[in-house]
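Take a look at the letters that make up each chain.
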Amino acid sequence: MAQTNGLSDGAANGVQNGDTDIEVFTDYLIVGTGPAGASLACFLTQHGLTGLIVSQDPGNADTPRAHITNMAAIDCLRDIGVDRDCYIIGTSGDSMIHTRWSNSFAGEEYARIYSWGNDPKRKGDYALASPSEPLDLPQTLLEPLLIRYATLNGFKCRWDTKFVSFVQEPNGRGVSTTLHDRVTGRDYRVRSKYLFGADGARSPIMQQTGIPMIKRPGQGYAINILMEADLSHLMENRMGNLHWLLTPDKEHPDFAWIGCIRMVKPWFEWLCIIFPTPGAERKNRSPDEYMKRVREFIGDDSVEVKVKGISTWMINETAAEAYSKGDVFCLGDAVHRHPPNHGLGSNTCIQDAHNLAWKVAMVHKGLAGKELLDSFSIERQPVGLDVVTQANASLRNHKRIWEVLGNLESTVAARMEAFNILKEDSERGRKRREELQACLKLINREEHGLGIEMNQRYTSTAVYKSDQGAMPTFSTDPLEYYHATTYPGARLPHVWLSHTIPSKAVSTIDLAGKARFSLFTGIGGQGWKDAAERISAELGVPIAAYSIGFRQDYEDRYLDWAKVRDIEESGCVLVRPDYFVAWRSQRWEQDGVEKLRTVMKSVLSRS
């Protein structure tokens, strides 16, 4: 058997000296180059780790699919500096200002709401939650950016490479994975410490692990039609990136009932998402059949339309019961599958990767016990299940709007009769208008769902809670509103800081991360800084320590840290490399060094 310890171009393509049985050695093998796999490769390189990432496709995604990129995900990319490029290639929030419902894109409008942080009543909530800003960043643009970063920093990437099977070696000695090179037609094996399955909603890696899936009844299927159409002349009074199209006054084919035209690139590239009538047979249709309905949805015959691609996808409500088995870890759509409502898909994938990368790095470097890796599934599986549940609930909320606007009736006459109730000066007319307002309020809750984006609460061995009181409660909706707290297991609150001599503001988020732990204290907390330095040297684990307060390392610029730190000035907040609070102490104590040592060893699963 021919062997190679590196990843030369020949070996990684399964060709070396004419051999047909090639074995490649690498530390980390990632299957899947989507947002989950590509971001995992990026975050691993931040820790100095490299490996091989493969995809069965010939290149990055050719359809935009995921696009809403929320602040929690942008914060993760901010950790490696990729956020700057995201802002350059993505579309900013002022082009995402509304979600609309209308008879056609150019025609009569039924309703609109503010979306994605643009509601004037909610802008402050978004500004206080993160130093980042929401973006519309299609998967077709995000994936190449991430792969470029990963490969420039040491990862090797191979396209046209299909996963075949894996075997876990006994006694935790890694994984042997068989891959098939579609270019040469030959198989080869990759020996790695870990295998990461980021191979999408039909993940064969998940299937081979045998991990059970929580499967709830799906909501049918939908068709994506990627198209070029210059709609710029219509945008001045229709600014937004989601336009729902309902035509109760028209006959429609069963394969094209409801439409949604979604911006890809303003204002000439779009995705027209078509939902068939419930129970419609799933079969291929001709481009001309789709085009007729697309033109009805646009509602302006002067617009030239060029179809670039047509694809069908299932509306799933599926989540894995666990994310790992032995030395195989799965993330992204492989473990949580749901419709795009709430815009949580790629965002959750990126956060899966950010959670996993630092744990893998600490174990790889001998700085943590292997048990630390168990916390990945324990922490992220409840998040994924919640995302799946909420995204599907949101789609059902949309269907309530379709019903109120008359679209569930079977004939044009019946649909228009139901629709016209909205205009009546009658009790049933008032009731129907109230129903529409209530439905729109639910969708506004979705599109300003800051809470579900940022209120994750972890409970695992990687969080130290044994000396903490009860988790704080909040009076506002946890799905809609972000609840900032330093309680262990929560995200580090964002606060703007600066120096005594006015300087560019820096976020607490920017002081955290960077492949290290961080510790925040204040006046009277010098002992924690000294302890952090000592424990860092003892354990070999980088810990950056900062004092925040009057004439400290950083000034509390707007006195917001004092409001959210939940500790006394001399206390401390210990933060993991993924921005989540590992532990906190209310005040400096004389046994602080020993306490910090105990906490760090516990969080890192070190004896």
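Remember, it's a predicted structure, so these values are computed and weren't measured experimentally.

Colleague: When you look at the packing of helix H15 (residues 526-539) against helix H17 (residues 592-603) in this model, what are you seeing that I'm missing?
Modeller: Two quantities define a packed helix pair, namely the angle between the helix axes and the distance between the axes. Interhelical geometry of H15 versus H17 gives an angle of 45 degrees and a closest axis separation of 9 Å. Classified by the angle their axes make, H15 and H17 are oblique. Regarding H15 and H17, the two cross each other, and that crossing is right-handed. Contacts between H15 and H17 involve Trp528, Ala531, Ala532, Arg534, Ile535, Glu538 and Leu539 from the former and Gly592, Val593, Leu596, Arg597, Met600 and Lys601 from the latter. Of the residues contributing to the contact of H15 with H17, the split by class is 8 nonpolar, 1 polar and 4 charged.

Colleague: What is the right way to look at the pattern of salt bridges in this model?
Modeller: Two side chains that carry opposite charge are able to pair once their charged atoms sit near each other. A complete count under the given rule lists 40 salt bridges for this structure. A salt bridge links Glu109 to Arg100, with the shortest nitrogen-to-oxygen separation between them at 2.6 Å. Notably, a salt bridge pairs Glu109 with Arg112, separated by 2.9 Å at the nearest N-O pair. Exposure remark for Glu109: the relative accessible area of 31% places this residue in the partly exposed category. Through salt bridges with shared partners, a single network forms among Glu23, Glu169, Arg189 and Arg191.

Colleague: Is there a simple way to explain the sheet that holds strand S21 (residues 318-320) in this structure?
Modeller: One key point about sheets: their strands pair by backbone hydrogen bonds, in either a parallel or an antiparallel sense. Taking strand neighbours across the sheet as the criterion, the 3 strands line up as S15-S21-S24 in an open arrangement whose pairing is antiparallel. Each edge of the open sheet carries a strand with a single partner, namely strand S15 (213-215) and strand S24 (336-337). One ladder, built from 2 bridges, connects S21 with S24; its direction is antiparallel. Paired with Thr318 across the two strands is Arg337, which belongs to S24.

Colleague: Mind showing me how you'd approach H17 here?
Modeller: For H17, with 12 residues, the first-to-last C-alpha span of 16 Å sits near the 16 Å given by 1.5 Å per residue. Those residues of H17 that fall on the buried side of the exposure criterion are Gly592, Val593, Leu596, Arg597, Val599, Met600 and Val603. The arc that holds every buried residue of H17, seen down its axis, measures 165 degrees, which confines them to one face. One or two steps after H17, the chain reaches Ser605, where phi turns positive at roughly 55 degrees.

Colleague: Where do I start with the packing of aromatic side chains in this structure?
Modeller: For any pair of aromatic rings, the description consists of the separation of the ring centres together with the inter-plane angle of the planes. The tally for this structure, following the rule as stated, stands at 23 aromatic pairs. Where Tyr194 meets Phe196, the ring centres are 6.3 Å apart and the plane angle is 40 degrees; that geometry is what we call tilted. A single burial state applies to Tyr194 and to Phe196, both of which are buried. Judged by centre distance (5.7 Å) and plane angle (55 degrees), the ring pair of Phe275 and Trp402 falls under tilted. With Phe275 in strand S19 (residues 269-275) and Trp402 in helix H10 (residues 374-404), this pair connects stretches of sequence that are 127 residues apart. Clustering of aromatic rings is evident, with ring pairs tying together Tyr28, Tyr194, Phe196, Tyr323, Phe329 and Phe376. When the ring centre of Tyr481 is taken as reference, the NZ or CZ atom of Arg122 above it lies at 4.1 Å.

Colleague: Quick question: what am I supposed to make of H15 here?
Modeller: Turn by turn, an α-helix covers 3.6 residues, leaving residues three or four places apart pointing in a common direction. Taking 1.5 Å as the rise per residue, H15 with 14 residues should run 20 Å; its terminal C-alpha atoms sit 20 Å apart, in good agreement. Those residues of H15 that sit buried are Gly527, Trp528, Lys529, Ala531, Ala532, Ile535, Ser536 and Leu539. Elements in contact with the buried residues of H15: strand S27 (517-521), strand S28 (543-547), strand S30 (572-575), strand S31 (581-585) and H17. Trailing H15 by a residue or two, Gly540 shows a phi angle of about 75 degrees, which is positive.

Colleague: Explain the nonpolar core here, please?
Modeller: One broad rule of soluble globular proteins: the nonpolar side chains tend to lie buried together. Within the largest apolar cluster, 90 residues are counted, with the highest numbers of intra-cluster contacts made by Leu44, Phe196, Phe517, Leu596 and Met600. The biggest single contributor to this core is helix H9 (residues 345-364), with 10 residues. Looking at which domains feed residues into this core, each of domain 1 (23-91 + 132-212 + 321-385) and domain 2 (457-604) gives three or more. Core analysis: the next-biggest nonpolar cluster, separate from the first, contains 32 residues, Ile68, Ile273, Val404 and Ile443 among them.

Colleague: Explanation requested: the sheet that holds strand S8 (residues 109-114) in the structure shown.
Modeller: With respect to topology, 7 strands assemble into an open sheet ordered S8-S7-S17-S18-S19-S16-S20, the strand pairing being mixed. Among the strands making up the open sheet, the edge pair consists of S8 and strand S20 (306-314). Adjacent strand axes in the sheet meet at a mean angle of 20 degrees, parallel and antiparallel pairs treated alike. In this sheet, strand S18 (residues 258-265) lies alongside strand S17 (residues 242-245) in antiparallel orientation, the contact comprising 4 bridges.

Colleague: I keep staring at the domain arrangement of the protein and nothing clicks. Help me out?
Modeller: Interfaces are often sized by the amount of accessible area the parts lose when they come together. If you check the domain split of the protein, you get domain 1 (23-91 + 132-212 + 321-385) and domain 2 (457-604). Look at where the C-alpha atoms of domain 1 and domain 2 centre, and you get two points 28 Å apart. Every contact between the two is made by 23 residues of domain 1 and, on the other side, 25 residues of domain 2. Taken over both partners, the interface formed by domain 1 and domain 2 buries close to 1,800 Å², and the fraction arising from carbon and sulfur atoms is 58%. Across the contact surface, domain 1 and domain 2 share 3 salt bridges. Arg576 is the salt-bridge partner of Glu379, the closest N and O atoms lying 2.7 Å from each other. The tally of links from domain 1 across to domain 2 stands at 9 residue pairs in polar contact (both at pLDDT 80 or more). Mapped onto the side of domain 1 that touches domain 2, the elements with two or more residues apiece are helix H3 (71-78), H9 and H10. Examining the composition of the side of domain 1 that touches domain 2, we find that 6 residues originate from one element, H9, more than from any other.

Colleague: Help me understand the confidence of the model for the protein in this model?
Modeller: Caution applies to low-pLDDT regions: their predicted coordinates should not be interpreted in detail. With 97% of its residues at a pLDDT of 70 or more, the protein shows a mean pLDDT of 94. Here residues 5-20 is a poorly scored stretch, pLDDT under 50, and it has 40 contacts once near neighbours within four places are set aside; other chains count.

Colleague: Would you explain the UniProt feature "domain: FAD-binding" (unreviewed entry) in the protein in this entry?
Modeller: UniProt's feature table lists "domain: FAD-binding" (unreviewed entry) at residues 26-390, given in the numbering used throughout. Spanning residues 26-390, this segment combines 28% helix with 28% strand, and its end C-alpha atoms are found 38 Å apart.

Rules and cut-offs
- Residues numbered from 1 in each chain as written.
- Predicted model: local features only at pLDDT ≥ 70, side-chain atom pairs only at ≥ 80, totals over all residues.
- Heavy atoms only, no water.
- Axes fitted to C-alpha atoms, helices over the stretch in contact; angles between N-to-C directions.
- Helix = DSSP H or I, 4+ residues; strand = E, 2+ residues; numbered from the N terminus.
- Parallel < 35°, antiparallel > 145°, perpendicular 65-115°, else oblique.
- Left-handed = near helix turned anticlockwise from the far one by under 90°.
- Contact = heavy atoms within 4.5 Å.
- Nonpolar A, V, L, I, M, F, W, Y, C, P; charged D, E, K, R; others polar.
- Salt bridge = Lys/Arg side-chain N within 4 Å of Asp/Glu carboxyl O.
- Buried < 20%, exposed > 50% of the residue type's maximum accessible area, 1.4 Å probe, protein only.
- Pairing = 2+ DSSP bridges.
- Expected span 1.5 Å × (residues − 1).
- Arc of directions from axis to C-beta.
- Phe/Tyr/Trp six-rings, centres within 6.5 Å; stacked < 30°, edge-to-face > 60°.
- Lys NZ or Arg CZ within 6 Å of the ring centre and 35° of its normal.
- Core = buried A, V, L, I, M, F, W, Y, C linked by side-chain atoms within 4.5 Å.
- Domains from an automatic or database assignment.
- Buried area = accessible area lost by both parts, 1.4 Å probe.
- Polar contact = N/O pair within 3.5 Å; in protein donor to acceptor, adjacent residues only side chain to side chain.
- pLDDT = per-residue confidence, 0-100.
- UniProt positions renumbered as here; feature names shortened; annotations may be inferred.

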